[in-house]
Amino acid sequence: MSVSTAARAQSVCSPLPVLGRDVTVPLVTGGEVTYAALDYAASAPALQRVWDDVAAYAPYYGSVHRGAGYLSQLSTDLFENARRTVAEFLDCRPDDQLIFTRSTTDSLNLLARALPAGCQVLVFETEHHASLLPWQDVQVSYLDAPRTPEQAVATLERALADRAASAQEGHGPALVCVTGASNVTGELWPVRELAAVAHAHGARIVLDAAQLAPHHPVSVRDLDVDWVAFSGHKLYAPFGAGVLAGRADWLREAEPYLAGGGASRKVTRRADGGVDVEWHDSAARHEAGSPNVIGAYSIASACKALTEAGFDTLVAREEHLIAKVREGLAEVPQVRILSLFGDDAPRVGVLSFVVEGWNSSHFAAALSAEYGIGVRDGLFCAHPLVRTLLGSDPQTQGECGAPEAAPGEKSLNAIRVSFGAGTPDEHVTRFVTAVAELVREGAKWQYRTEDGRCVPAV
């Protein structure tokens, strides 16, 4: 460890308490070890604070809105207070709406359903599928992967300028969709600069903050984005809820995302036998059915916990862990870390890499089975991005866990390690040690392919 890294280590806090920190798992080589959860980018463990808050509320759980009973009224207050807490966490504008959804994917599909007629969407091919795919029913332009933040801004500027130059009179509005931090490389995107370009051309912008919000403060006003979406399960609140927050006008004017109770203010029968519906124009318009009160409350609890811990402190500690991983992997020549923007690009605690001579699924399986370390392998629901990053690194067909490739295509996958506010230093130390040992000595166990996955051979 370098002097600078050691100095950072002394200045940062302990990890936030999370569930599962003492769970032990068996090793195929014998014995047990404390599980090292290093797959935060998929789902972060629940904060102990979140779990405790939910457990304390659970006996008082009731259906929200319109209930006359004490538990219903208490739950309604808790649900709406959670909405205010999350809006404060995101530094929303006074007239913004905050809608509780199921996930980032659900949030962006909701927004896609609310787009005005003729709206064009511009999205980089580097996005997670949650923000790459919801726009199939509208005109969408996919932008090539940039290799620097400046190139990202220039690419968007050029695309919007070309759109304006070729637009017919009365053309529809435009929406830009961009991630805050890549779920593959962890690199931070120039959101504020992209928002400025979008607004300069009369377009709006939605921020996919699924990987950003757990690691850095997200201010709707400071970043000047029109909407932000994120998931609770990546924010240490695994109870099936997400958030879409931002401008209210398109949301108020759109047909409800789901039709049903809660979204409707008034329903009357017509003389012809049909029904007339008056929909709410508040967030309730897109929250039909019984809301996920515990999910919303858990997100609010996580927001409070992260705010109280202080993002300056959390970011400093995470930068220490990132440096530790990067320095450890740099000592293994066979490892290549994937990057769009280069080694010096600021990032959150998400890194993907490949190991020369190994299929990534095989390597990830060995980390789990022989070291008790949980990482992820594959294309990470960001297939175009990972294919771009791995275009020159084919992996041997038929090797354990090697994914099937279409004729003429290369077999591609990578390994992703991700961590956050609940990660102990020991887990990161064990990870870099295990990587070096596997590369140097090879796996100690035999593995086979089962349902496309590499698993230990019995």
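Residues numbered from 1 in each chain as written. Predicted model: local features only at pLDDT ≥ 70, side-chain atom pairs only at ≥ 80, totals over all residues. Heavy atoms only, no water.

A.B. asks: Explain the confidence of the model for the chain here, please?
C.D. replies: The predicted coordinates should not be examined in detail at positions where pLDDT is low. Confidence along the chain averages 92 in pLDDT terms, with 92% of residues attaining 70 or more. Here residues 393-398 scores under 50 on pLDDT; set against residues more than four positions off or in separate chains, the count is 16 contacts. Segment residues 405-409 is flagged for pLDDT under 50; beyond a separation of four residues in sequence, or across chains, it makes four contacts in the model. (pLDDT = per-residue confidence, 0-100. Contact = heavy atoms within 4.5 Å.)

A.B. asks: Whenever I open this one, the sheet that holds strand β6 (residues 139-143) confuses me. Can you help?
C.D. replies: The pairing of strands in a sheet comes from backbone hydrogen bonds and takes either a parallel or an antiparallel form. The strand order β4-β10-β9-β8-β7-β5-β6 describes an open sheet built from seven strands, whose pairing is mixed. Looking at which strands have only one partner, the edges of the open sheet turn out to be β4 (97-101) and β6. Strand-to-strand twist of the sheet, defined as the mean angle between neighbouring strand axes without regard to direction, takes the value 20 degrees. Inspection of the sheet shows β4 paired to strand β10 (residues 242-246) by five bridges, in the antiparallel sense. Paired with L98 across the bridge in β10 is A245. Contacts between helix α4 (residues 104-113) and the sheet are confined to β4, β7 (174-179), β8 (204-208), β9 (227-231) and β10, with β9 contributing the most and set at about 150 degrees to the helix. (Pairing = 2+ DSSP bridges. Helix = DSSP H or I, 4+ residues; strand = E, 2+ residues; numbered from the N terminus. Axes fitted to C-alpha atoms, helices over the stretch in contact; angles between N-to-C directions.)

A.B. asks: Would you mind going over the sheet that holds strand β17 (residues 414-418) with me for this structure?
C.D. replies: Taking strand neighbours across the sheet as the criterion, the four strands line up as β13-β14-β17-β16 in an open arrangement whose pairing is antiparallel. Each having just a single partner strand, β13 (335-337) and β16 (376-378) make up the two edges of the open sheet. Between one strand and the next, the sheet's axes are offset by a mean angle of 30 degrees, whatever the strand orientation. With three bridges joining them, β13 and strand β14 (residues 350-355) adopt antiparallel strand pairing.

A.B. asks: What am I meant to see in the pairing of β14 here?
C.D. replies: Here is the key point about a regular strand: its side chains alternate between the two faces of the sheet. Within β14, six of the six residues are buried, which leaves it mostly tucked inside the rest of the structure. Neither face of β14 is exposed, since V350, S352 and V354 on one face and L351, F353 and V355 on the opposite face are all buried. Pairing of β14 with β17 involves four bridges; the strand directions are antiparallel. The residue of β17 that forms the bridge with V350 is S418. (Buried < 20%, exposed > 50% of the residue type's maximum accessible area, 1.4 Å probe, protein only.)

A.B. asks: Looking at this structure, I do not really get unusual backbone geometry. What am I missing?
C.D. replies: Peptide bonds are mostly trans, and most non-glycine residues show a negative phi. In this model, H65 sits at a positive phi of 70 degrees, which is unusual for a non-glycine residue. Structurally, H65 is set in the loop between α2 (48-57) and α3 (70-89). With relative accessibility at 24%, the residue H65 sits in the partly exposed group. Of note in this structure, F380 is not a glycine but carries a positive phi near 60 degrees. Locating F380 in the fold gives a position in the loop between β16 and α13 (383-389).

A.B. asks: How should the side chain of R83 be read in this particular structure?
C.D. replies: Mapped onto the elements of the fold, R83 is located in helix α3. The class for R83 is buried, based on a relative accessible area of 13%. R83 has contacts with L98, I99, F100, A283 and E287, leaving out every residue within four places of it along the chain.

A.B. asks: Would you mind showing me how to read helix α6 (residues 149-166) here?
C.D. replies: Since one α-helical turn is 3.6 residues long, residues separated by three or four positions face the same way. Compared with the 26 Å implied by 1.5 Å per residue over 18 residues, the 26 Å span of α6 between its first and last C-alpha is a close match. Burial in α6 covers these residues: A152, V153, T155, L156, A159, L160 and R163. Along α6, the residues classed as buried sweep out an arc of 160 degrees about the axis, all on the same side. Opposite the packed face of α6, turned more than 90 degrees from it, sit the exposed residues E150, A165 and S166. Here the buried face of α6 lies against β5 (120-124), β6, β7 and α7 (191-200). (Expected span 1.5 Å × (residues − 1). Arc of directions from axis to C-beta.)

A.B. asks: I'm lost on the side chain of S231 in this one. Help?
C.D. replies: Checked against the element boundaries, S231 lands in strand β9. With a relative accessible area of 3%, S231 lands in the buried category. Not counting residues within four places of it along the chain, the set of residues in contact with S231 comprises S103, T104, A241 and G242.

A.B. asks: Sorry, what's going on with the packing of α2 against helix α10 (residues 293-309) here?
C.D. replies: A pair of packed helices is characterised by two quantities: the angle between their axes and the separation of those axes. Taken N-terminus to C-terminus, the directions of α2 and α10 make an angle of 140 degrees; their axes are 9 Å apart at the nearest point. It follows from the interaxial angle that α2 and α10 lie oblique. For the pair α2 and α10, the crossing hand works out as right-handed. Together, R49, V50, D53, V54 and Y57 of α2 and V293, I294, Y297, S298, S301, A302, K304, A305 and E308 of α10 make up the contact between the two elements. (Parallel < 35°, antiparallel > 145°, perpendicular 65-115°, else oblique. Left-handed = near helix turned anticlockwise from the far one by under 90°.)

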